[in-house]
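Read off the chains here:
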Amino acid sequence: MLCDVKLWALSDLHVRYAETRAALERLDDHGQDWVILAGDIGETEEHLEWTLECFQRRFAKVLWVPGNHELWGVSSRGPGKLDGPVKYDAMVSLCRARGVVTPEDPYLVWPGAGAPTTIALCFVGYDYSFRPADVPLDQALDWAAETGVRCTDESMIKPAPFANMIEWCQARVRHTEARLAAIPETHRTVLVNHFPLRHDLVWIPRVPRFSIWCGTTLTETWHTRFRASVVVSGHLHVRSGQLRDGVRFEEVSLGYPQQYDVEKGPRAYLRLILPELAAHGPA
Ligand SMILES: [Fe+2]
Ligand SMILES: [Fe+2]
């Protein structure tokens, strides 16, 4: 057991911005600590490679889950067949070649002090179910469009061979639930997913109807079913730490350069996940 090792998390780096890359270069060496990168590093293989190298120089282990931007049909390696699932597989391979842990790898057990804890890296997307009860599914996109909101994913992610994002999301839910159910019952968990696991955590006041691209109600109870001590997500670009049923939910976005203090740099936004804090804020 490693006594002083810490687990950190950060998401939504969007390293296509030069000022964010420069800021990331100023990150400290974190020695034996681990770091979770919770998606939306960028759109291309080059974005991911650059970032993994940056963090692997500073942390003993890097863990990654994809965001929606990683699934966009764009590549730094020229034209090719880049449907969402194919792009995901390519990004997983890129991580594995560098020893970075992905949702497709065996779950790791936290080596630090405290109760036995499994770190479950998940990839579950969205199915447009984060919408009011009186908005039918087939009107969800129109409901968002009434306020001028349409996620770029609609044109940049091709979910084939799945018929649509809903089917891909549901397949990932089934796959992930089976793996989570196999975690030893004596273990607590840290659940990591780019998208929030609960609708009531989605607070994006500037574009509230963007919620339909933010997750699925199929994961609302995962934090209690699978004994989470912490749930890590990003995507909203609205940082927060909240409690639900006594479980910490940490939204760990860095965001676009106008959404964080570039002078302070990303190290001010790294969120400590483990060891657990002694006291929590209000729910
Ligand atoms: Fe993002
Ligand atoms: Fe995102």
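This is a predicted model, so every value here is computed, not measured. (Residues numbered from 1 in each chain as written. Chains lettered and ligands numbered in written order. Predicted model: local features only at pLDDT ≥ 70, side-chain atom pairs only at ≥ 80, totals over all residues. Heavy atoms only, no water.)

As for its position among the elements, R58 is in the loop between α2 (45–56) and β3 (61–64). Of the residues examined, R58 reaches a relative accessible area of 9% and is grouped as buried. With residues up to four places along the chain from it excluded, the contact list for R58 reads L24, E25, L27, D28, D29, H30 and G31. (Helix = DSSP H or I, 4+ residues; strand = E, 2+ residues; numbered from the N terminus. Buried < 20%, exposed > 50% of the residue type's maximum accessible area, 1.4 Å probe, protein only. Contact = heavy atoms within 4.5 Å.)

The sheet built from six strands is open, its strands ordered β4-β5-β6-β7-β9-β8 with mixed pairing. Two strands bound the open sheet, and with one partner strand each, they are β4 (108–109) and β8 (240–244). As paired elements, strand β6 (residues 188–192) and strand β7 (residues 228–233) share four bridges and run parallel to each other. Bridged to V192 within β7 is V232. (Pairing = 2+ DSSP bridges.)

A few words on the packing of aromatic side chains. Counted according to the given criterion, the structure contains 12 aromatic pairs. Ring geometry for Y17 and Y256: centres 5.7 Å apart, planes at 65°, overall edge-to-face. Remark: Y256 occurs in the loop between β9 (247–251) and β10 (271–274) and Y17 occurs in the loop between β1 (7–10) and α1 (18–24); sequence separation between them is 239 residues. Residue Y17 is classed as partly exposed on the basis of its relative accessible area, which comes to 24%. The ring of W34 carries K61 above its face, with NZ or CZ at 5.6 Å from the centroid. (Phe/Tyr/Trp six-rings, centres within 6.5 Å; stacked < 30°, edge-to-face > 60°. Lys NZ or Arg CZ within 6 Å of the ring centre and 35° of its normal.)

Before going further, it helps to examine the coordination of the iron ion (ligand 2). Perfect tetrahedral coordination of a metal by four donors corresponds to 109.5 degrees between them, and perfect octahedral coordination by six donors corresponds to 90 or 180 degrees. Protein-derived coordination of the iron ion (ligand 2) comes from D40 (OD), N68 (OD1), H194 (NE2) and H235 (ND1), at a distance range of 2.2 Å. Between the four donor atoms coordinating the iron ion (ligand 2), the angles at the centre fall across 90 to 158°, so the site counts as irregular. All donors of the iron ion (ligand 2) come from a single chain, and their spacing in sequence reads D-x27-N-x125-H-x40-H. A separation of 3.6 Å is found between the iron ion (ligand 2) and the iron ion (ligand 1), both of which receive a donor from D40. With a gap of 154 residues between them, D40 in the loop between β2 (34–37) and α2 and H194 in the loop between β6 and α7 (222–225) connect regions that are remote in the sequence. Comparing D40 with H194, the two get one shared label, buried. (Donors = N, O, S within 2.8 Å, 3.2 Å for Na, K, Ca; no water. Tetrahedral: all angles 85-135°; square planar, octahedral: opposite > 155°, others 65-115°.)

Turning our attention to the packing of α2 against helix α3 (residues 84–97). Contact pair α2 / α3: the axes reach a minimum separation of 11 Å and the direction vectors enclose 25°. In terms of orientation, α2 lies roughly parallel with respect to α3. Where α2 crosses over α3, the handedness of that crossing is right-handed. Here E45, L48, E49 and L52 of α2 come into contact with α3, specifically with M91, L94 and C95. (Axes fitted to C-alpha atoms, helices over the stretch in contact; angles between N-to-C directions. Parallel < 35°, antiparallel > 145°, perpendicular 65-115°, else oblique. Left-handed = near helix turned anticlockwise from the far one by under 90°.)

Attention shifts here to the sheet that holds β10. Taken in spatial order, the four strands make up an open sheet running β3-β2-β1-β10, and their pairing is mixed. In the strand order of this sheet, the two ends are held by β3 and β10, each with one partner. Geometrically, the sheet is characterised by an average inter-axis angle of 30° between neighbouring strands, direction not taken into account. Here β1 pairs with β2 via four bridges, running parallel.

In this fold, E250 is placed in strand β9. Looking at E250, the relative accessible area reads 8%, which means it is buried. The contact partners of E250, leaving out residues within four places of it in the chain, are V230, V231, V232, S233, S240, G241, R271 and I273.

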